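# Summary of structural features
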Amino acid sequence: VRGIHWGPFVKRFPWLHMRIEWPEVVQGMVVSLSTAIALVPILMAAFGLTFEEAVAISFLHSVLITSSIWLFGETYAPGWVTPALPIVLVFVIQGYATPDERFQMMTALSLDFAALLFLLGITGLGKTFFNHVPTAFKAGIILGAAIAAFKRVFVDDFDKLAEVPWSAGLAIVTCLIFSFSAPFARMKDKIAPLKVISSLGLLPGFIIAGIAGVITNELVFDIQWGILIPPFADMFAKVSPFAIGWPSLSFFIDAIPMALITYILLFGDLLTGEAIVKEAQDKRPDDVIDVNINRSHLSIAIRNGLMAIFAPFFPTQGCLWTGVQVIVVEKWKEGSDRMESLIGGISAYYLYGIPVFILFLPLLTLLKPFMFIALLLTLILTGFACSYVAIAMVKDRTERGVMLMTAVTLAFFDPTLGLAVGLLGSLLLIGPEAFKQQS
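A brief report on the enclosed structure follows. Just so it is clear, the structure is predicted and the values come from calculations on it, not from any experiment.

Calculation rules
- Residues numbered from 1 in each chain as written.
- Predicted model: local features only at pLDDT ≥ 70, side-chain atom pairs only at ≥ 80, totals over all residues.
- Heavy atoms only, no water.
- Helix = DSSP H or I, 4+ residues; strand = E, 2+ residues; numbered from the N terminus.
- Rg over C-alpha atoms; globule rule 2.2 N^0.38 Å.
- Buried < 20%, exposed > 50% of the residue type's maximum accessible area, 1.4 Å probe, protein only.
- Lys, Arg positive; Asp, Glu negative; His and termini not counted.
- Charge placed at Lys NZ, Arg CZ, Asp CG, Glu CD.
- 1 Å grid on protein atoms, 1.4 Å probe; cavity = no way out; pocket = protein on both sides within 12 Å on 5 of 7 lines; lining within 4 Å.
- Points joined across faces, edges and corners; volume = space filled by probe spheres on them.
- Nonpolar A, V, L, I, M, F, W, Y, C, P; charged D, E, K, R; others polar.
- Expected span 1.5 Å × (residues − 1).
- Contact = heavy atoms within 4.5 Å.
- Axes fitted to C-alpha atoms, helices over the stretch in contact; angles between N-to-C directions.
- Parallel < 35°, antiparallel > 145°, perpendicular 65-115°, else oblique.
- Polar contact = N/O pair within 3.5 Å; in protein donor to acceptor, adjacent residues only side chain to side chain.
- Phe/Tyr/Trp six-rings, centres within 6.5 Å; stacked < 30°, edge-to-face > 60°.
- Lys NZ or Arg CZ within 6 Å of the ring centre and 35° of its normal.
- Salt bridge = Lys/Arg side-chain N within 4 Å of Asp/Glu carboxyl O.
- Core = buried A, V, L, I, M, F, W, Y, C linked by side-chain atoms within 4.5 Å.

Attention shifts here to the overall build of the protein. Looking only at helices and strands, the protein has 22 helices and 2 strands in total. The C-alpha radius of gyration computed for the protein amounts to 21 Å, which stays within 12% of the reference 22 Å derived for 439 residues, consistent with globular compactness. Its C-alpha atoms give the protein principal-axis dimensions of roughly 60 × 50 × 45 Å. A total of 439 residues make up the protein; the buried ones form 58% of that total. With 28 positive and 32 negative side-chain charges, the protein shows a spacing of 7 Å between the two charge centroids.

Turning our eyes to something else, we now look at the layout of surface pockets. Computed from the structure, the second largest pocket encloses a volume of approximately 480 Å³. Contributing to the lining of the second largest pocket are 21 residues, with Pro41, Phe51, Lys368, Pro369 and Met371 lying nearest its centre. Secondary-structure elements contributing two or more residues to the lining of the second largest pocket are α2 (40-45), α3 (51-70), α8 (158-163), α19 (361-367) and α20 (371-393). Considering only residue class, the lining of the second largest pocket consists of 13 nonpolar, 2 polar and 6 charged.

Here helix α12 (residues 203-216) contains 14 residues, and its C-alpha end-to-end distance of 20 Å stays within 8% of the 20 Å for a straight helix at 1.5 Å per residue. The complete set of buried residues in α12 reads Leu203, Pro204, Gly205, Phe206, Ala209, Gly210, Ala212 and Gly213. Residues of α12 that are buried sit in contact with α1 (22-36), α9 (165-180), α11 (192-198) and α20. Asn217, located one to two residues past α12, shows a positive phi value of around 65°.

Here we come to the packing of helix α7 (residues 135-156) against helix α15 (residues 249-281). Packed helices, taken two at a time, are described by the angle their axes make and the gap between the axes. As a packed pair, α7 and α15 sit with axes 10 Å apart at the nearest point and diverge in direction by 95°. What the angle tells us is that α7 and α15 run roughly perpendicular. Two secondary-structure elements touch here, α7 through Phe137, Lys138, Ile141 and Ile142 and α15 through Ile261, Ile264 and Leu265. Its residues assigned to classes, the contact of α7 with α15 shows 6 nonpolar, no polar and 1 charged.

A few words on the side chain of Ser240. Among the secondary structure elements, Ser240 is positioned in the loop between α13 (232-239) and α14 (241-244). You can call Ser240 buried: its relative accessible area is 0%. There is a polar contact of 2.7 Å between the side chain of Ser240 and the backbone oxygen of Ile309.

Moving on, we come to the packing of aromatic side chains. Per the stated rule, a full pass over the model turns up 24 aromatic pairs. Three or more aromatic residues joined by ring pairs make a cluster, and in this case those are Trp6, Phe9 and Phe72. The ring of Phe13 has Lys11 lying over it, and the distance from NZ or CZ to the ring centre is 3.6 Å. The cationic tip of Lys368 hangs over the ring face of Phe51; the distance from NZ or CZ to the ring centre is 4.1 Å.

In this structure the tally under the stated criterion is 13 salt bridges. Note that Arg295 and Glu74 form a salt bridge whose closest N and O atoms lie 2.6 Å from each other. Of this pair, Arg295 sits in helix α16 (residues 293-310) while Glu74 sits in the loop between α3 and α4 (84-95), and the two are 221 residues apart along the sequence. You'll find Arg295 and Glu74 in the same group, each marked buried.

If you look at the biggest cluster of nonpolar residues, it comprises 133 residues, and the most contacted ones within it are Phe47, Phe103, Met105, Leu109, Leu266 and Phe313. Among residues more than four places away in sequence, those in contact with Phe47 are Ile42, Val92, Ile93, Pro99, Arg102, Phe103, Met106 and Phe313.

What follows is about unusual backbone geometry. With omega at 5°, the peptide bond leading from Phe314 into Pro315 counts as cis. Its identity as a non-glycine residue notwithstanding, Trp15 has a phi of 70°, on the positive side. Among the structural elements, Trp15 can be located in the loop between β2 (9-11) and α1. Taking relative accessible area as the criterion, Trp15 reaches 69% and is therefore assigned exposed. Not every positive phi belongs to a glycine, and Asn217 is a case in point at roughly 65°. Structurally, the position occupied by Asn217 is in the loop between α12 and α13.

Between the first and last C-alpha of helix α5 (residues 99-123) there are 36 Å, a value that for 25 residues agrees with the 36 Å anticipated at 1.5 Å per step. Where α5 terminates, the next one or two residues include Gly124, which has phi positive at roughly 75°.

Position of Arg102 relative to the elements: it lies in helix α5. For the buried Arg102, no salt bridge is present, and the opposite-charge side chain at shortest range is Glu101, 6.8 Å distant. Contacts of Arg102, omitting those with residues within four sequence positions, involve Ala46, Phe47, Val92, Ile93, Tyr96 and Ala97.

Shown next, in the form of structure tokens:
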């Protein structure tokens, strides 16, 4: 494997260890940076940060998440544990009143999660744990994420959605069609330009939203010149446990159920990423991909531990952005002339771990009006995908009932109660066989 080996990890540099893939760089400048700042509205409204401070913490999140590729040598396009995000927001925002308490809980969640990942990665017990979790319970967690995502968009943030109905609506329709439409999938196999456009991921949705936003005056652009100097010191004083105080023991205890729920979702991402790579490997025998789930556990644990003390916002340090992974792998399969290496293609999409463009005011101010739409698209696509995945997992009416009870409890009440409902429902309604080893 080309790169600098350190322990189980591999450090890589562009040009030296991988070719620059310019088409992916261009896509990453728009899509990955727009998504990186998608949480800025929430950080400002619910966590008390200024716009500049929110961009600063988003910058650190981007550096940490892309370190998965260039520092640890992971072969997945990294992303948030997106299905957990709506549940976490409900848990933290409704459960804790002040920004200090909310950031302290984010620290507790990240450290609990890091400790769990490190333990399961060192022992190799992650897959065993995952396979003994009842299927109906897992499906309930995933469906709960879908319900919480739709609730966030159409109930909690409906007033914001009502301000941009055309631009947001057209972006949603475009991305749903490009991502999930069966008729469109058949059309793009016959019409080459549609296949090219669909390979651009979320970018067409952003373009259509921008055009609609300008025509309807829903999106107002105020392009500025210069470079943003991130106020890291001011941000650090508002978010880091070294400045606002460490969470109490009760915070760490209360965070355990949410960490367990997020781990179950994360492991599903790990299996998905592994399957995508292995399915495509036969097409590229010249670029052998080293997939190692225990290494992934350790790298995600380290990233969450670092985030907890410098820029806590759980769960933005996951393992897989499925849409980007599929887009990059599909092009990688076409041969070395199209993409020299998978790791190079993924790295390019993430600007080789140096998201400096987020600090360029012309680009930042161009993307600023899209922040809410980027978050909205993330939640809608997550909700849609989680819905059909969860429903396909359960086999009979009893499992469907346990799944729905678990999902509603998680989305509307509390992670601890959701865990209890899911586990007790599986035990009492399905039986002890629900906990037996599953493939």
